[in-house]
Amino acid sequence: MTESYRRSGDEMPQDRPYAYGNDYGHPYGHEAAQGAPGGGERAFPPPPPYAPEPRRRARRPIALIAAVALASGLIGGGSAALIAGATTQSAQSGPSTPLVNAGKTSGSGVSGVAKAVSPAIVEIKARTGSGESTGSGVVVTSSGEIVTNNHVVAGARTVTVTFSDGSRKTAEVVGTDPGKDLALIKVRGAKGLTAASLGDSDKISVGDQVVAIGSPEGLTGSVTSGIVSALNRDVTVPKEQGQGQDQGQGGPDDGGGWPFEFGGNQYNGDTGSSKTSYKAIQTDASLNPGNSGGALINMQGQIVGINSAMYSPSSASSSSAGSIGLGFAIPINTVKADLDALRDGGSGGSNSGV
């Protein structure tokens, strides 16, 4: 019977690989197969002196690579989820409407709104039999239609429009609505003008930031900013011409601005016996004489109101001279509802003055 263990002192050759064979390369059992003693039994090779150790070093890198790959997948998946979440949140929290409507825009905030909308805001000088009225207007069509206040152009014989680039054009009064203190004028022979975008005044809220652009004291294209202070204020203004008409250089009697009533009090002089009331947007954006007919604008560059009344100190030498943050604007939805009627002459009839 063949021994199945290695005797003490029997050494395997150390200069050749572990293999089942003798010193001459023949496999063990070859002699038995050739009739060697004990040839009746087939000899089996003894087991190797020790089993070769598994190549653990080869497995460790594989295991390490697998672990790293798994961790990378988990981290990568988490990062992807985080980035996707941030992207979605950013997209949802961004502004829904960009600056629009008035030429090429750049920048953001008040400066962006001003650059976008200023080309659509004009200065208006209306000469009447008693003097000259200075106010502002908003271009609503590229063909030259401009919305302003009735009290800016009422009774005008000639109307001159100055654009933001300094150019001047003659305009005529198309229609007026003294009950809403609105008027529509049209620049003669105009085409390709930059028109403003009219927003939705029903969507504004108290506290919303707004920008006012107009020509206070004849300073064309002046920009101020503030917030919506209140909505649906009952403001009363005169319907007749001749009261507070000089919007650029106020006299000592009328306080320098268009007279109006609010909360039972009169501002800037007597409103007279013929008057009208409307629901107004109150703003603390700085308004001064000459802003009448100009634009109140939201931060998307859309017109939400036509500035119509503001408090002015009784004299320029007063310590309280200047805007005190009490201004009112006609909601733009009121203007849009009245445009077709104004194109047909308005409730006040045609005042072309030509």
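In what follows, the structure referred to is the one given above.
Now for a look at the structure at hand.

Conventions we followed
- Residue positions are given per chain, counted from 1 along the sequence in the order it is written.
- Residue-level local features of this predicted model are given only where pLDDT is at least 70; pairs of side-chain atoms are given and counted only at 80 or more, and the full residue set underlies all totals for whole chains, interfaces and linings.
- Side-chain measures were taken over the full set of non-hydrogen atoms in the model, leaving aside hydrogen atoms and water.
- We count a salt bridge whenever a side-chain nitrogen from Lys or Arg sits within 4 Å of a carboxyl oxygen from Asp or Glu.
- Only DSSP runs of H or I reaching four residues or more are called helices, and only runs of E reaching two or more are called strands; each is numbered from the N terminus.
- Any residue under 20% of the maximum accessible area for its type is buried, any over 50% is exposed, and the rest in between are partly exposed; the area is computed with a 1.4 Å probe on protein chains only.
- One bridge is not enough; two strands pair if DSSP finds at least two bridges between them.
- Each Phe, Tyr or Trp ring, with Trp reduced to its six-membered ring, pairs with another whose centre is within 6.5 Å; inter-plane angles below 30 degrees give stacked pairs, above 60 give edge-to-face pairs, and intermediate values give tilted ones.

So, about the pattern of salt bridges. Overall, the coordinates contain eight salt bridges when judged by the stated rule. With a shortest N-O distance of 3.9 Å, Lys125 and Glu132 are connected by a salt bridge. Residue Lys180 is joined to Asp338 by a salt bridge in which the shortest nitrogen-to-oxygen separation is 3.9 Å. Here the residue Lys180 occupies a position in the loop between strand E5 (168–177) and strand E6 (182–187), and Asp338 occupies one in helix H5 (residues 332–343), the gap between them amounting to 158 residues. When its relative accessible area of 33% is taken as the criterion, Lys180 is described as partly exposed. A relative accessible area of 6% means that Asp338 is categorised as buried. Through salt bridges that share partners, Lys125, Arg127 and Glu132 make up one connected network.

Now for the pairing of strand E14 (residues 302–310). Looking down a regular strand, the side chains alternate between one sheet face and the other. The buried fraction of E14 amounts to nine of the nine residues, a majority that puts the element mostly inside the structure. Direction of pairing for strand E7 (residues 197–198) relative to E14: parallel, over a ladder of two bridges. Residue Leu198 lies in a different strand from E14, and its bridge partner there is Ile303. Note that strand E13 (residues 295–297) and E14 share three bridges and pair antiparallel. Paired with Ala295 across the two strands is Ile306, which belongs to E14. The turn linking E13 back onto E14 is made up of four residues, and Gly301 within it adopts a positive phi angle of 80°. Bridging between E14 and strand E15 (residues 327–331) involves five bridges; their strand directions are antiparallel. Bridge pairing links Asn307 to Ala329 in E15.

As judged from the five bridges shared by strand E1 (residues 121–128) and strand E4 (residues 158–162), these two strands associate in the antiparallel manner. For Lys125, the partnering residue across the bridge sits in E4 and is Thr160. Of the pairings in the sheet, the one linking E4 to E5 comprises four bridges and is antiparallel in character. Paired with Thr162 across the bridge in E5 is Arg168.

Moving on, we get to the packing of aromatic side chains. Going through the model one piece at a time under the given rule, you end up with four aromatic pairs. A ring pair is formed by Phe260 and Tyr267, whose centres lie 5.0 Å apart and whose planes are at 20°; its orientation type is stacked. Phe260 sits in the buried class, given a relative accessible area of 0%. Take Tyr267: its relative accessible area is 17%, and that puts it in the buried class.

Function-wise, these values are silent; they only describe arrangement.
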